[in-house]
Amino acid sequence: MKNNTFIVLRKKLAPYKGLIVPLLGHYVSLSLKWYQLRAYFASALLKKKNANASYAVVSACFNVEEYIDCFIKSLLCQTLDFKNNIQVVLVDDGSNDSTWEKLLYWQRKYPKNILALHKQNGGQGSARNFGLPYVQADWVTFADPDDFYDPFALEEVDKIIGKYQNEKLSFVSLNYIPFYENKKGFVEDHPLSFRFNNERTIKKVKFLNSFIQLSSNSLFIKKSVLGKNIFPTSVRPTFEDAFFVNCLFLENMEQKVCFSKKARYYFRKRKNCSSTQDLSWTDKRQFDDVLKFGVLELLRRSEVKLGRVPVFIQNVVIYHIQWYFRQLKNREDRILFLSERERKNFIDLLKKCFNYIDPNVFFEFTCPGLGKVGLTEISLFLLNSSKNSSVGLISYADNLAHPKEIRLMLLVREEADAIRFYLGEREVNPISVGYAKNTFCGASLSYWCIAWLALADQQNKKLSVTVNGQICPFLIGNSYVKKVELPEAIASFSPDQNCNAEKNSRYANCWLISDRDCQADDNGEHFYRYLKNNGVGVNAWFLLSKNSHDWKRLEEEGFKLISYGSRQHKEALKSCSLLISSHADEYVINAFGDQTNRKVPFVFLQHGVIKDDLSLWLNPKKIRLMVTSTKEERKSIIDSQSKYQYTEREVILTGLPRYDALNSQRSPQKIIVVMPTWRNSLVGNLIKGTTRSLNKNFMNSDYAKKWSHFLASQNLLKLLRVYGYRLQFFPHAYIQPYIKYFNLPKYIEICTHRTHRFQEVIGSAAIMITDYSSAAFDIVYLEKEVIYYQFDKGDIFKNNAHTYQKGYFEYSRDGFGPVIAKEDELLNYLEASIIRNCSPEEQYLDRMQHVFPLKDGRCCERIYNILKILKSE
């Protein structure tokens with residue numbers, strides 16, 4: 001009955017098809033639900049029964065029970081009639097979930113169109129090869145079962161094949177559009193999306209050049225050109241698609257490929273990062289077999305067959321290899337699972353691959369996300385090329401009303417390179433010079449030279465730089481220039497003319513201060529309080545969500561508050577002269593996602609003492625001033641061998657604002673405070689500001705099990721009762737949403753930022769138990785006992801467990817208490833500490849007494865005085 005209704009409706013709407021198609025759309029869906037609704041109506045109302053050819057979809061299926069229904073339904077809902085024109089071959093590759101049962105269900109439902117096959121696990125390539133002999137169609141593709149098709153995709157492919165059937169068309173490439181599960185959306189951000197700028201682009205294979213094809217899942221192939229080509233089984237976990245497709249291209253150089261904008265293939269980016277692509281970076285074969293049997297073999301075949309490597313093959317190799325650099329640059333933590341021999345072999349293989357690459361082809365390669373700077377770095381490492389051996393960036397100016405200084409970043413080979421700066425014809429000496437080291441797999445990749453130049457004499461001057469006697473070109477946009485017109489360069493960093501247009505605005509030239517978006521009680525609050533009482537003439541405002549538990553408290557104290565995300569917030573950002581915060585997250589530095597405050601100097605008050613390597617997180621922040629508290633911390637950031645792109649000009653040693661009030665909170669009681677930090681790999685994804693989704697598997701983690709077991713321990717309870725101590729559990733803000741799942745005993749006092757003030761907890765505690773939290777430095781400031789409970793010591797820097805890498809701080813050498821891995825040892829040491837009245841052992845007390853050079857209660861004053869100087873420049 002339902003089908004008859006749609007048939008009648010389809011006939012009635014036939015005259016209006018020209019309006020219905022644009023309405024249902026050749027455009028990217030806004031959400032998965034809208035996609036499904038659109039697909040349902042499109043296939044029901046716009047069905048095309050007859051086709052120019054028949055089509056087969058071969059899919060290798062492994063543990064895809066969650067996705068297979070969506071994939072098959074996307075084929076059922078094609079506007080090109082499924083029953084008459086589409087064959088589906090589903091090969092279960094030894095799944096251990098319910099995938100096979102689901103495949104059988106769909107085969108029973110559509111026995112003439114769907115064939116389900118089963119084999120032992122052998123990988124994606126072997127499964128596709130297994131399904132190939134069963135293909136009975138004119139054209140074939142190899143879609144992945146966690147992806148899905150736009151409802152118009154196959155009809156559009158069919159139109160192309162019908163129109164160009166006499167023009168040696170053997171391949172149709174579908175518009176490859178990612179669908180992000182964590183964002184619940186379709187985003188056209190694939191680096192190769194330029195191939196689909198036009199509705200249809202047809203190229204002969206031998207002239208593909210930059211129009212490279214690496215995936216077989218988004219490519220329809222004329223079956224007659226397949227020949228004996230099969231997927232390689234030795235090229236895993238990635239590049240097997242690229243190898244298969246481009247070997248096929250090498251045998252069909254005179255055939256044509258059509259890149260279709262309207263034929264859309266949606267590539268699913270799983271939120272749990274469980275796809276083959278996601279997991280490949282922890283697979284040793286990615287660093288050996290993929291290069292040896294995939295990339296190198298493809299290059300060798302090209303030379304054997306053609307006597308040269310075609311440009312498009314070179315670009316395929318460049319595109320694949322640049323991902324290694326994007327993934328591993330300055331990320332030694334990501335290769336910890338490789339031995340020294342395996343790392344050396346990996347780099348040797350990369351260099352062998354690049355022996356086939358023409359430097360001219362390499363430097364003409366363009367890929368969003370890598371850019372000219374990335375290409376230059378790769379060339380320094382792999383090509384030993386002198387071309388573009390250095391490159392300059394104008395990265396920052398003071399951004400005040402009359403900027404007098406400019407900050408340059410120069411990418412050079414070595415720290416020892418001779419660098420000279422010129423204004424016009426006159427050589428000038430920089431005010432300050434620093435270096436940041438870039439590494440790749442533990443080897444030196446390049447250096448950033450960061451130089452500050454005074455610009456008192458800047459009118460009609462041109463800025464130029466030489467490195468080892470050669471002109472260092474500046475990268476402006478996507479082009480190189482040898483000299484930079486200074487007035488234009490300065491204007492690009494100076495405040496917009498309308499920034500302070502509202503002269504009478506109450507936010508004019510204000511200092512906008514904050515902590516987290518949802519809470520205060522950190523360095524921002526303490527610094528604002530100092531300004532409120534001592535900042536003569538400073539128009540200071542404090543930024544906070546109006547729903548925050550701290551709003552009323554600060555309002556009663558007389559803070560001038562602005563609600564986070566409000567119209568007033570945006571107005572203040574446009575009018576402020578300084579943005580100051582204890583946090584450097586996106587919700588602070590780009591609150592509205594539109595770079596409203598991109599030209600406002602950002603002062604980073606810090607959330608704690610940096611002891612680990614946070615360079616990857618901090619380098620993109622464009623920080624004008626960063627507060628530090630210890631000499632070792634500051635040195636770790638400005639040292640020439642560090643990865644931080646900041647110099648002594650930006651990193652100041654003042655102490656944290658909250659330290660000024662810490663001594664007044666000193667009132668030790670018989671309290672043990674337990675303050676573990678968070679783990680990036682355990683908490684959910686950021687939704688907005690500091691709000692994160694919940695990880696449903698959190699309580700299954702070793703982290704949750706170890707801490708909950710310790711807190712519920714009968715031996716701990718006995719210890720508390722015998723010695724009359726209380727225990728406060730105060731986890732990191734990102735862990736607090738999970739506290740209710742810990743099922744803690746009633747005698748454990750739960751502390752959150754809503755119920756307790758941080759400094760009061762620190763001040764009343766006699767001893768702290770933590771794992772890696774920088775909050776330990778606050779206890780150390782008061783010279784109290786610290787114990788590090790590190791049951792996951794060997795894993796904290798592995799596999800993206802956290803947002804930082806190993807830094808200068810060695811707990812055994814620099815820590816302020818013992819490092820303990822086992823619960824029974826923790827309880828034993830805790831009892832011993834209580835018996836000696838929680839007094840730190842001599843070696844730890846000595847470290848505590850020497851770590852802070854400034855303990856005079858004048859941290860806020862020092863920061864304020866430096867900011868006054870900055871403002872007066």
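Remember, predicted model here, so these are calculated numbers, not experimental data.

Caption draft 1: Inspection of the sheet that holds strand E25 (residues 578-581) at higher detail. A sheet is described by the order of its strands in space; here seven strands give the open sequence E24-E23-E22-E25-E26-E27-E28, paired in parallel fashion. Where the open sheet ends on each side, the last strands, each with one partner, are strand E24 (561-563) and strand E28 (651-653). For this sheet, the mean angle separating the axes of adjacent strands, direction not counted, is 25°. Of the pairings in the sheet, the one linking strand E27 (residues 623-628) to E28 comprises three bridges and is parallel in character. Residue pairing in the sheet places methionine 626 in a bridge with valine 651 of E28. Across the sheet, helix H22 (residues 631-638) is in contact with E27 and E28; its angle to E28 comes to roughly 165°.

Caption draft 2: The arrangement of the packing of helix H24 (residues 714-723) against helix H28 (residues 823-835) in detail. At a minimum axis separation of 11 Å, H24 and H28 run at an interaxial angle of 5°. When the axes of H24 and H28 are compared, the pair comes out roughly parallel. Only Leu827, Leu830, Glu831, Ile834 and Ile835 of H28 make contact with H24, whose side of the interface consists of Asn715, Leu716, Leu719 and Tyr723.

Caption draft 3: Region of the structure containing the pairing of strand E16 (residues 443-454). Buried residues dominate E16, accounting for nine of its twelve residues. One ladder, built from eight bridges, connects strand E12 (residues 405-412) with E16; its direction is antiparallel. Directly across from leucine 410, in E16, lies its bridge partner cysteine 449. Where strand E15 (residues 432-440) meets E16, nine bridges bridge the pair, whose relative direction is antiparallel. Within E16, the residue paired with tyrosine 435 across the bridge is cysteine 449. Linkage of E15 to E16, two consecutive antiparallel strands, is achieved through a turn of two residues, within which cysteine 441 is found at a positive phi near 55°.

Caption draft 4: View of empty space enclosed by the protein. What the rule picks out here adds up to one cavity of 30 Å³ or more. Taken as a whole, the largest cavity spans an internal volume of roughly 50 Å³. Forming the walls of the largest cavity are Ser514, Asp515, Arg516, Asp517, Leu543, Tyr564, His569, Tyr587 and Val588. Taken together, the residues of the lining of the largest cavity break down into four nonpolar, two polar and three charged.

Caption draft 5: Structural context of the nonpolar core. Residues Leu512, Phe527, Phe542, Ile580, Leu618, Tyr659 and Leu867 are the most contacted members of the largest nonpolar core, which totals 86 residues. Ignoring anything within four residues of it in the chain, the contact list for tyrosine 659 reads Val609, Ser629, Gln759, Phe777, Asp778, Tyr781, Phe852 and Cys859. Membership of the second largest hydrophobic core comes to 77 residues, among which are Val58, Leu208, Val225 and Leu248.

So, how was this worked out
- Residues numbered from 1 in each chain as written.
- Predicted model: local features only at pLDDT ≥ 70, side-chain atom pairs only at ≥ 80, totals over all residues.
- Heavy atoms only, no water.
- Pairing = 2+ DSSP bridges.
- Helix = DSSP H or I, 4+ residues; strand = E, 2+ residues; numbered from the N terminus.
- Axes fitted to C-alpha atoms, helices over the stretch in contact; angles between N-to-C directions.
- Contact = heavy atoms within 4.5 Å.
- Parallel < 35°, antiparallel > 145°, perpendicular 65-115°, else oblique.
- Buried < 20%, exposed > 50% of the residue type's maximum accessible area, 1.4 Å probe, protein only.
- 1 Å grid on protein atoms, 1.4 Å probe; cavity = no way out; pocket = protein on both sides within 12 Å on 5 of 7 lines; lining within 4 Å.
- Points joined across faces, edges and corners; volume = space filled by probe spheres on them.
- Nonpolar A, V, L, I, M, F, W, Y, C, P; charged D, E, K, R; others polar.
- Core = buried A, V, L, I, M, F, W, Y, C linked by side-chain atoms within 4.5 Å.

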